[in-house]
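# Per-entry structural report
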2 protein chains.
Amino acid sequence: MKIVVQKFGGTSVATPEGRAKAVERIISAREQGFQPVVVVSAMGRKGEPYATDTLIDLVKNIHTDVAPREMDLLISCGEVISTVVMATALRNRGYRAVALTGAQAGIRTDGNHGNARIMEIDPEYINRHLAQDRIVIVAGFQGICEDGSVTTLGRGGSDTTATALGAALQAEYVEIYTDVDGVMTIDPRLVPDAAIMKDISYREICEMANQGAKVIHPRAVEAAMSGKIPIKIKNTFSDAEGTLIAEHVAERVITGLAHLSDITQVKVGPLDGGDVQMAKVKVLKTMAEARISIDMTGVAPNSIFFIIKGEDTGRAKAALQKAGYNTTVDPGCAKVSVIGAGMEGVPGVMADIMESLDKAGITVLQTSDSDITISFLIKESDLSKAIQILHDDIELGKI
Amino acid sequence: MKIVVQKFGGTSVATPEGRAKAVERIISAREQGFQPVVVVSAMGRKGEPYATDTLIDLVKNIHTDVAPREMDLLISCGEVISTVVMATALRNRGYRAVALTGAQAGIRTDGNHGNARIMEIDPEYINRHLAQDRIVIVAGFQGICEDGSVTTLGRGGSDTTATALGAALQAEYVEIYTDVDGVMTIDPRLVPDAAIMKDISYREICEMANQGAKVIHPRAVEAAMSGKIPIKIKNTFSDAEGTLIAEHVAERVITGLAHLSDITQVKVGPLDGGDVQMAKVKVLKTMAEARISIDMTGVAPNSIFFIIKGEDTGRAKAALQKAGYNTTVDPGCAKVSVIGAGMEGVPGVMADIMESLDKAGITVLQTSDSDITISFLIKESDLSKAIQILHDDIELGKI
């Protein structure tokens with residue numbers, strides 16, 4: 001029997017309309033000859049009683065420093081409640097469904113509460129229910145660690161549950177249902193004619209997410225990639241075809257654009273004295289000791305520069321000044337990234353983009369590039385203009 | 001180390017005032033040299049989001065016939081949420097607490113969803129946490145059955161969790177905290193000067209509960225009785241001494257009064273024809289086949305009579321008439337029971353009571369007696385008068 005894993009977010013479980021649509025998708029998969037394994041998130045958004053954030057507030061209002069193990073146990077209830085709601089909605093349509101916690105679905109994680117990683121999935125329990133022709137509903141975002149405690153997977157957790165189950169059950173594919181029509185080439189709030197991608201490779205989508213695009217979490221993609229299980233991003237509420245994420249898709253030179261706002265550029269220097277190279281290392285160590293992530297690190301003969309998240313600006317400046325460095329911070333920057341697996345080995349892409357930005361009077365403060373990504377640091381005030389120019393130039397809207 | 005099990009109901013967990021009182025009780029036990037193991041119910045009452053009835057409604061609103069296995073999984077979340085709330089309230093006072101589901105506490109049950117029985121408790125998991133000097137908080141009302149599904153224990157479930165844990169952990173005693181000062185000799189809504197019992201034996205309290213008194217569930221008492229663990233019924237919100245339930249207590253002739261309202265008396269007869277004895281058996285079998293519980297069964301030469309719950313009246317009448325019996329039903333009766341382990345072998349108790357009722361003009365429709373209980377069937381309209389007379393006569397208020 002061919003298995004398909006279908007993941008539904010909170011909005012698809014919380015309302016009668018959402019549930020009706022989700023149930024249609026599940027029944028449709030069965031009618032196409034698949035055995036559906038359904039993964040659900042907690043119901044609704046902050047303010048609704050069974051939403052993750054509401055459960056968090058319930059105890060944060062008692063004591064701000066909740067034990068991570070207990071916090072995981074608490075918020076795991078949100079997804080468990082959703083499994084029973086969805087199983088009951090299916091039963092109401094005459095289908096036999098079984099609701100499973102992450103632990104009952106055989107999902108074993110490490111003990112890193114609040115941000116656990118799936119170590120292995122024992123598919124035996126799910127397979128037993130599938131053998132009895134039941135639709136299996138699994139609580140997303142959670143697992144169990146070696147000492148028997150409930151763990152949660154952190155951000156993107158339910159998507160990761162779905163893709164990891166897809167790999168463990170050797171599913172035909174994994175469907176991630178959201179409330180958008182698929183992955184956009186670019187943030188549609190910045191470029192109104194942003195298009196839905198028909199398909200994208202695993203590594204491109206990971207890079208899009210890392211560079212700030214609000215898409216599926218890289219961890220979820222990695223889990224699918226390991227089993228080469230295709231992922232489809234679809235809309236619960238529309239019949240749009242969605243976006244296919246797979247290993248081999250026709251690679252374009254440029255696939256999408258992503259951006260990160262509220263970035264601060266940090267410049268440290270001049271670094272005087274004897275060993276300037278060692279001084280640069282010490283600057284980096286100062287940041288590491290302050291547990292501040294840095295990116296786009298560059299070096300000049302007697303200075304070093306990098307970017308940090310805006311929220312870390314005060315701490316970074318304090319740490320560097322305490323260590324005695326001349327430090328300049330420039331908040332209000334943005335990082336724009338152009339992603340495309342086809343860029344590898346194609347010369348001149350960065351030159352073309354720099355030229356476009358320059359013509360528009362946009363100053364490029366820093367650049368960086370990796371295999372399939374070119375990134376530019378600009379002033380945040382130039383962001384929407386830059387995005388629109390890049391979009392027009394590389395014709396993303398027409399992919 | 002000496003262990004004490006402390007059980008707190010929903011009202012003690014749901015409000016800051018209740019939690020503050022509960023936390024005081026827990027800390028106080030520690031300061032007296034005990035290791036507390038705390039059992040909690042779901043928070044609040046119907047209408048509040050994490051109360052058992054609210055969770056039930058959540059899915060009953062989707063489909064009336066919810067699968068029992070899934071219903072158990074859903075409502076088990078109510079107590080799990082309470083464990084984390086209580087653990088956090090203790091952490092807020094600087095104590096290390098760990099929250100455990102029924103499964104994590106080693107509570108194994110049969111697979112009778114909605115009304116499971118505890119088969120065994122593996123104390124290893126709790127003991128491991130106690131060895132690290134943590135206060136252990138256990139979700140009441142739930143366990144896990146052999147196939148790994150979550151089960152719930154039915155009515156009185158959290159009390160049963162507490163007493164069964166008390167027995168498994170060989171606790172010094174089990175404290176059941178409620179919002180009343182202890183077990184009353186009689187329903188205080190009927191007799192304003194009803195007194196709190198100082199102590200009562202296991203079998204007397206079971207009989208009180210069976211005969212309609214709103215006290216601890218007999219299953220919970222049985223679990224404590226098996227390990228000879230004393231139970232203390234106490235008030236979270238007052239410093240009243242409460243009621244001790246134990247094996248050997250000074251036995252009074254009469255300990256308490258209980259009653260069941262909305263009772264129907266059923267008379268079947270005359271039973272004509274050949275084998276009247278066999279006809280009586282067939283009447284009883286008719287009731288059994290209709291799955292109607294009967295009580296106070298009596299026989300006359302050519303008739304048989306018994307009592308049933310008022311809600312079963314229609315079904316009982318229909319089944320008996322369908323089988324061709326002359327049937328008379330008298331709804332609106334009440335069963336009053338006088339309970340006291342000291343009655344055994346004391347002659348004349350029933351005579352004394354009958355006399356008191358007769359003098360007051362109250363007709364006794366039926367009587368029954370067992371080891372420690374004498375019961376009277378009367379018209380429900382005579383109930384409060386009868387209770388008051390019995391209370392005055394036997395001086396329950398002065399025990």
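## Some points on the overall build of chain A
- From N to C terminus, chain A includes twelve helices and 18 strands.
- Relative to the globule expectation of 21 Å for 399 residues, the C-alpha radius of gyration of chain A, 23 Å, shows essentially globular dimensions.
- Seen through its C-alpha atoms, chain A measures out along the principal axes to roughly 75 × 50 × 35 Å.
- When contacts within chain A are restricted to residue pairs at least 6 apart in sequence, those whose partners lie at least 24 apart make up 72%.

## Some thoughts on the relation of the copies chain B and chain A
- Mapping chain B onto chain A calls for a screw motion: a turn of 179 degrees about the axis and a shift of 0.1 Å along it, with 0.2 Å RMSD after fitting. The operation mapping one copy onto its partner corresponds to a two-fold rotation axis.

## Digging into helix α12 (residues 383–394) of chain A
All names here are of chain A.
- Taking 1.5 Å of rise per residue, twelve residues should cover 16 Å, and α12 covers 16 Å from first to last C-alpha, within 8% of that figure.
- Residues of α12 that are buried: Leu-383, Ala-386, Ile-387, Leu-390, His-391 and Ile-394. All buried residues of α12 project into a common sector of 130 degrees when viewed along the axis, lining one side.
- Buried residues along α12 sit against β13 (256–268), β16 (327–339), α11 (349–359) and β18 (373–379).

## As for the sheet that holds strand β15 (residues 303–309) of chain A
Residues and elements named next belong to chain A.
- The sheet built from six strands is open, its strands ordered β14-β15-β13-β16-β18-β17 with antiparallel pairing. Edge strands, defined here as strands with exactly one partner in the open sheet, are β14 (295–300) and β17 (366–370). Shown here is a sheet whose adjacent strand axes are inclined to one another by a mean of 30 degrees, direction ignored.
- Here β16 pairs with β18 via seven bridges, running antiparallel. Looking at the pairing, Cys-333 lines up with Lys-379 of β18.
- Contacts from helix α10 (residues 313–322) reach β13, β15 and β16, with the element oriented near 130 degrees to β16.

## Some words on the domain arrangement of chain A
- Per the domain assignment, the segments of chain A are domain 1 (2–179) and domain 2 (256–398).
- A straight line from the C-alpha centre of domain 1 of chain A to that of domain 2 of chain A covers 38 Å.

## Quick notes on the confidence of the model for chain A
- Mean pLDDT for chain A: 91, with 98% of residues reaching 70 or above.
- The ipTM for the predicted assembly is 0.83, set against a pTM of 0.85.

## Concerning the sheet that holds strand β2 (residues 34–40) of chain B
All names here are of chain B.
- Taken together, the eight strands give an open sheet; going across it, the order is β3-β6-β2-β1-β9-β11-β12-β10, and neighbouring strands pair in mixed fashion. Edge positions in the sheet fall to β3 (97–100) and β10 (199–201), since each of these pairs with one other strand and no more. Strand-to-strand twist across the sheet, computed as the mean angle between neighbouring axes with direction ignored, equals 20 degrees.
- In this structure, strand β9 (residues 173–178) lies alongside strand β11 (residues 231–235), joined through five bridges in parallel fashion. Bridge pairing in β11 links Tyr-177 to Lys-234.

## Focus: the pairing of strand β1 (residues 2–8) of chain B
Residue and element names in this part refer to chain B.
- Within β1, six of the seven residues are buried, which leaves the element mostly enclosed by the surrounding structure.
- Across seven bridges, β1 lies against β2 in parallel orientation. Across the sheet, Phe-8 pairs through a bridge with Val-40, a residue of β2.

## Remarks on the packing of helix α7 (residues 202–210) of chain B against helix α8 (residues 218–226) of chain B
Residues and elements named next belong to chain B.
- For the pair α7 and α8, the least separation of the axes is 9 Å and the interaxial angle reads 165 degrees. By the angle between their directions, the pair α7 and α8 is classed as roughly antiparallel. Crossing of α7 against α8: the hand is left-handed. Facing α7, whose interface residues are Tyr-202, Ile-205, Cys-206, Ala-209 and Asn-210, α8 presents Pro-218, Val-221 and Met-225.
- Residue composition of the contact of α7 with α8, by class: seven nonpolar, one polar and no charged.

## Observations concerning the nonpolar core
- Ranked by internal contacts, the top residues of the largest apolar core, which has 244 residues, are Val38(A), Ile137(A), Ile205(A), Val38(B), Ile137(B) and Ile205(B).
- Beyond its immediate sequence surroundings of up to four residues, Ile137(B) is in contact with Val38(B), Val40(B), Thr83(B), Met86(B), Ala87(B), Ala97(B), Val98(B), Ala99(B) and Leu100(B).

## A look at the interface of chain B and chain A
- Taken residue by residue, the interface counts 24 residues in chain B and 24 residues in chain A.
- Mapped by element, the contributors of at least two residues to the side of chain B that touches chain A are α3 (52–60) and α4 (68–92) of chain B.
- Looking at the side of chain B that touches chain A, the element that brings in the most residues is α4(B), giving 13 residues.

## Re the pairing of β9(B)
Residues and elements named next belong to chain B.
- Of all six residues making up β9, five are buried, and the element is well covered by its neighbours.
- In the sheet, β1 pairs with β9 via five bridges, with the strands oriented parallel. For Val-4, the partnering residue across the bridge sits in β9 and is Tyr-173.

## With respect to the packing of helix α6 (residues 157–168) of chain B against α8(B)
All names here are of chain B.
- Relative orientation of the contacting elements α6 and α8 amounts to 5 degrees, with a least axis distance of 8 Å. In terms of their interaxial angle, α6 and α8 are classed as roughly parallel. Across the interface between the two elements, Asp-159, Thr-160, Thr-163, Ala-164, Gly-166 and Ala-167 from α6 touch Arg-219, Ala-220, Ala-223, Ala-224 and Ser-226 from α8.
- For the contact of α6 with α8, a count of residues per class yields five nonpolar, four polar and two charged.

## Here's the deal with α6(B)
All names here are of chain B.
- An ideal rise of 1.5 Å per residue puts 16 Å on twelve residues; α6 measures up with 16 Å between its terminal C-alpha atoms.
- Inspection of α6 places Gly-157, Ser-158, Asp-159, Thr-160, Thr-161, Ala-162, Thr-163, Ala-164, Leu-165, Gly-166, Ala-167 and Ala-168 among the buried residues, and these make up the whole buried set.
- Gln-170 lies just past α6 and shows a positive phi near 50 degrees.

## What to know about the environment of Arg203(B)
Residue and element names in this part refer to chain B.
- Within the element layout of this structure, Arg-203 appears in helix α7.
- What makes Arg-203 partly exposed here is the crowd of 18 C-beta atoms within 10 Å.
- Along the backbone, Arg-203 and Ala-300 are 97 residues apart, and their C-alpha atoms lie at a distance of 31 Å.

## Describing the environment of Thr373(B)
Residues and elements named next belong to chain B.
- Note on placement: Thr-373 falls in strand β18 (residues 373–379).
- Separated by 210 residues in the primary sequence, Thr-373 and Thr-163 place their C-alpha atoms 25 Å from one another.
- Ignoring any residue separated from it by four or fewer positions in sequence, one finds Thr-373 in contact with Glu-207, Gln-211, Ser-337 and Ile-339.

## A short note on unusual backbone geometry
- The linkage connecting Gly269(A) with the following residue, Pro270(A), adopts the cis geometry, with an omega of 0 degrees.
- By the element assignment, Pro270(A) lies in the loop between β13 and α9 (276–289).
- One non-glycine residue, Lys228(B), adopts positive backbone phi at about 50 degrees.
- Even without being a glycine, Met296(B) presents a positive backbone phi close to 50 degrees.
- Take Met296(B): it is sitting in strand β14 (residues 295–300).

Procedures and definitions
- Counting from 1, residues in each chain are numbered in the order their sequence is written.
- The order in which chains are written sets their letters, starting at A; the order in which ligands are written sets their numbers, starting at 1.
- Confidence filtering applies because this is a predicted model: local features only for residues at pLDDT of at least 70, side-chain atom pairs given and counted only at 80 or more, and all residues used for totals across whole chains, interfaces and linings.
- Strands here mean DSSP runs of E at least two residues long; helices mean DSSP runs of H or I at least four residues long; both are numbered from the N terminus.
- C-alpha atoms define the radius of gyration, and 2.2 Å times the number of residues to the power 0.38 defines the globule rule.
- By definition, residues are in contact whenever their C-beta atoms, placed on the basis of the backbone, come within 7 Å of each other.
- For this overlay, a least-squares fit was computed on C-alpha atoms, restricted to residues scoring pLDDT of at least 70 in both copies.
- By this rule the span expected of a helix is its residue count minus one, scaled by 1.5 Å.
- Whether a residue is buried, exposed or partly exposed follows from its count of other C-beta atoms within 10 Å of its own C-beta, namely 20 or more, 12 or fewer, or something in between, respectively; the C-beta atoms are built from the backbone.
- Of all possible arcs, the one meant is that of the directions from the helix axis to the C-beta atoms.
- At least two bridges found by DSSP between two strands is the condition for calling them paired.
- Fitting a line to C-alpha atoms yields each axis, with helices limited to the stretch in contact; the angle taken between N-to-C directions then spans 0 to 180 degrees.
- These domain boundaries are the output of an automatic or database domain assignment.
- What pLDDT expresses is the predictor's confidence in each residue, scored from 0 to 100.
- In what follows, roughly perpendicular refers to angles from 65 to 115 degrees, roughly parallel to angles under 35, roughly antiparallel to angles over 145, and oblique to any angle outside these ranges.
- We call a crossing left-handed when the near helix sits turned anticlockwise from the far one by less than a right angle, and right-handed when that turn is clockwise.
- Asp, Glu, Lys and Arg are counted as charged, while Ala, Val, Leu, Ile, Met, Phe, Trp, Tyr, Cys and Pro are counted as nonpolar; the rest, among them Gly, fall into the polar class.
- Definition of nonpolar core: a set of buried Ala, Val, Leu, Ile, Met, Phe, Trp, Tyr and Cys residues joined via C-beta atoms within 7 Å.

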